Amino acid sequence: MTTVSRMNSAAIRDLTPDQLPEVVMPTCEARPILRGQTAIVTGASSGIGRSIAAALCAAGANVVVNFIGPEAEAQAVVHEATHCGCDHRGRAICHRADVSDEGQVDEMFARAIDEFGTVDILINNAGLQQDAALEEMTLSQWRRVIDVNLTGQFLCARAAVREFKRRGVKPSVSCAAGKIVCVSSVHEVIPWAGHVNYAASKGGVMLMMKSIAQEVAPWRIRVNSICPGAIRTPINRAAWATPEAYADLLKLIPYKRIGEPDDIARLAVWLASDEADYITGASLFVDGGMTLYPGFEAGG
Ligand code: NAD
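This text gives an overview of the structure that appears in the document.

Reading the values: rules and limits
Residues numbered from 1 in each chain as written. Predicted model: local features only at pLDDT ≥ 70, side-chain atom pairs only at ≥ 80, totals over all residues. Buried ≥ 20, exposed ≤ 12 C-beta atoms within 10 Å, placed from the backbone. Helix = DSSP H or I, 4+ residues; strand = E, 2+ residues; numbered from the N terminus. Pairing = 2+ DSSP bridges. Right-handed = clockwise from strand over helix to strand, strands pointing away. Axes fitted to C-alpha atoms, helices over the stretch in contact; angles between N-to-C directions. Parallel < 35°, antiparallel > 145°, perpendicular 65-115°, else oblique. Left-handed = near helix turned anticlockwise from the far one by under 90°. Contact = placed C-beta atoms within 7 Å. Nonpolar A, V, L, I, M, F, W, Y, C, P; charged D, E, K, R; others polar. Near = placed C-beta within 6 Å.

**Let's talk about the pairing of strand β4 (residues 121-124)**
The side chains of a regular strand alternate between the sheet's two faces.
Next, step 1: Burial of the side chains of β4 extends over both faces: Ile121 and Ile123 are buried on one face and Leu122 and Asn124 on the other.
Next, step 2: Across 3 bridges, the pairing between strand β1 (residues 38-41) and β4 is parallel. Residue pairing in the sheet places isoleucine 40 in a bridge with leucine 122 of β4.
Next, step 3: Both β4 and strand β5 (residues 178-183) contribute to a ladder of 4 bridges, which runs parallel. Bridge pairing in β5 links asparagine 124 to cysteine 182.
Next, step 4: For the handedness criterion, the β-α-β arrangement of β4, helix α5 (residues 139-167) and β5 is classed as right-handed.

Below you can see the structure in the form of structure tokens.
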């Protein structure tokens, strides 16, 4: 497999969008730091979730690839996550569920427990945008984004905490009873005109995550967020698919390259591992400096 992740920092920043590699996959050299653990990754049939599912599997975890679209895409993720010839990879299954539906979320957790015995890690990744100027935004656009991006994360976190508390800490597996990683956004702090539903959902994720983290810490459950900047996935294709759009995008990124899903996946694996054991309630920004007020780079 081409180890495009190795060229990430050095070379990718100089490539134009059409030269960027299609998928950045974790390599077989990944350490099995999640061996014996089970993870659910929501919205894992594309983009960031797909990369996280593969990286967790490469780190030895069994993975439930949650999806809502075509099953073939999710099956392809299961295949690429589990077929690289390396012997410490975990197993993977895919499971269709709409994260905004309470019954479907509970069924997904029941299936994961049935298949793998328990759930140790939740990656709350599923999300969408339905953009419109405020005056044009319909109530259904507002509700759908809040339902998936915020309520979906709540429903999955609740189901995960119930299972983590039921099982408790198993020291031979992990020093925590469970780990939740919420995929938020730089827009949990950066206002975003024309996207008020999305920005409100991610701002909500920030305080939901921190409040849950405070509540469940005594049970040795860790809850954190990853806040991506611009990552090259289907959700924001318009922002990087043409040279003009890409040049405009780079004005917002001091590090002068778009992010890759693998940039997020590496942090997700580490946050879920015992190497991050004393970290809880944190929003970690992976954004090439997008939150550094790049407009102040010159002057101000
Ligand atoms: P993506 O569109 O490739 O992935 C989103 C996934 O969520 C898709 O697979 C989609 O099918 C799934 N999904 C949507 N509604 C769902 C539902 N109701 N139930 C289950 N799954 C559902 O885009 P992505 O960029 O990989 O987005 C992943 C997460 O990262 C999202 O939460 C997004 O807000 C966040 N994010 C992305 C960027 C970026 O630049 N790409 C930046 C900041 C945050």
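**Digging into the packing of helix α2 (residues 47-58) against helix α8 (residues 261-272)**
Next, step 1: Put simply, α2 and α8 touch, their axes get as near as 8 Å, and they point 45 degrees apart. For the element pair α2 / α8, the angle class is oblique. Once α2 is placed against α8, the crossing between them reads as right-handed. Each of Gly47, Ile48, Arg50, Ser51, Ile52, Ala55 and Leu56 in α2 lies in contact with α8, whose residues at this interface are Pro261, Asp262, Ile264, Ala265, Arg266, Ala268 and Val269.
Next, step 2: Residues belonging to the contact of α2 with α8 are distributed by class as follows: 9 nonpolar, 2 polar and 3 charged.

**Overview of the site of the ligand**
Next, step 1: The environment of the ligand is formed by 28 residues, the closest being Gly43, Gly47, Gly127, Thr233 and Ile235.
Next, step 2: When contributions to the shell around the ligand are tallied by element, the ones reaching two or more residues are α2 and α5.
Next, step 3: Looking at which element gives the most residues to the shell around the ligand, the answer is α2, with 3 residues.
Next, step 4: For the shell around the ligand, a count of residues per class yields 12 nonpolar, 15 polar and 1 charged.

**Points about the sheet that holds strand β7 (residues 283-286)**
Next, step 1: If you trace the 7 strands from one edge of the open sheet to the other, you get β3-β2-β1-β4-β5-β6-β7, paired in parallel fashion. Where the open sheet ends on each side, the last strands, each with one partner, are β3 (92-96) and β7. Going across the sheet, the axis of each strand differs from the next one's by a mean of 20 degrees, ignoring polarity.
Next, step 2: Along the sheet, α8 contacts β1, β4, β5, β6 (221-228) and β7; its crossing angle with β6, the most-contacted strand, is approximately 170 degrees.

Any link to function would need more than the numbers given here.
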